Amino acid sequence: AEPGELADEEAEVTTAEENPPEETVEATPRRNAPAPTRGKQSNVISIDFAYLRSKGIIVPNAPRGHQIEEFRHVKQRVLNQRIDKSIRYPNTIMVTSSVPGEGKTHVATNLAISIALEHDMTVLLVDADFKRPGIPGRLGFKAKKGLIDVLYDPSIDVSEVLLKTDIESLSVIPA
């Protein structure tokens with residue numbers, strides 16, 4: 001699939017070593033948010049909430065329903081783990097599986113939005129699936145540059161691919 005398109009069709013099965021994790025959700029308290037890199041401004045994208053609802057994605061101010069309650073429950077368990085001092089990176093959540101089509105993009109997107117809607121939290125949703133990037137398509141935008149460009153070309157600053165959304169506490173780095 002092309003970047004920005006939904007990629008739900010079957011693909012060859014690869015092992016976890018061959019297939020990088022799809023998305024990483026980082027939840028950071030706003031008061032500890034890092035300063036912008038090298039003073040550059042990131043781009044802002046507008047999210048169509050009606051489109052998200054049609055794709056089964058949580059949206060701000062939606063009436064409580066079964067799916068919202070399920071993700072609220074998962075979110076609370078995840079956020080409670082941040083208190084555990086034995087966890088090495090308590091603000092990082094990785095959503096992955098070894099088989100395509102198991103719902104990683106759906107879960108990561110819903111969890112990221114759910115956490116971003118919490119008071120005093122910011123979220124950076126990173127799409128690290130270079131074979132089948134799905135976050136831009138799931139959120140309804142097309143990405144011109146992403147994480148792969150930053151890794152490939154050291155002259156590209158991460159702030160050039162960081163996309164702020166109109167969900168105040170949610171930013172995205174596409175693959």
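The structure this text deals with has already been given above.
Nothing here was measured: the structure is a model prediction, and the numbers come from that model. (Residues numbered from 1 in each chain as written. Predicted model: local features only at pLDDT ≥ 70, side-chain atom pairs only at ≥ 80, totals over all residues. Heavy atoms only, no water.)

Participant: Is there a simple way to explain unusual backbone geometry in this structure?
Facilitator: Peptide bonds are, in most cases, trans, and in most cases residues other than glycine have a negative phi. Even without being a glycine, aspartate 120 presents a positive backbone phi close to 65°. Summarising the element assignment, aspartate 120 is placed in the loop between helix 3 (104-116) and strand 4 (121-127). (Helix = DSSP H or I, 4+ residues; strand = E, 2+ residues; numbered from the N terminus.)

Participant: For this particular structure, what's the right way to read the pattern of salt bridges?
Facilitator: Proximity of charged atoms lets side chains of opposite charge pair with each other. Within the structure shown, the criterion is met by two salt bridges. With a shortest N-O distance of 2.6 Å, glutamate 118 and lysine 75 are connected by a salt bridge. Of this pair, glutamate 118 sits in the loop between helix 3 and strand 4 while lysine 75 sits in helix 2 (residues 66-81); the two residues are 43 residues apart in sequence, bridging distant segments of the chain. The shortest N-O distance in the salt bridge between lysine 145 and glutamate 160 comes to 3.9 Å. (Salt bridge = Lys/Arg side-chain N within 4 Å of Asp/Glu carboxyl O.)

Participant: Any chance you could explain the pairing of strand 6 (residues 170-173) here in plain terms?
Facilitator: For a regular strand, the rule is simple: side chains alternate between the two faces of the sheet. Residues Leu170 and Val172 of strand 6 are buried on one face, and the alternating residues Ser171 and Ile173, pointing to the opposite face, are buried as well. Pairing analysis gives four bridges linking strand 4 to strand 6, with the strands arranged parallel. Of the residues in strand 6, the one forming a bridge with valine 126 is isoleucine 173. Examined bridge by bridge, strand 5 (residues 163-165) and strand 6 share two bridges and lie antiparallel to one another. Residue pairing in the sheet places leucine 163 in a bridge with valine 172 of strand 6. The turn linking strand 5 back onto strand 6 is made up of four residues. (Buried < 20%, exposed > 50% of the residue type's maximum accessible area, 1.4 Å probe, protein only. Pairing = 2+ DSSP bridges.)

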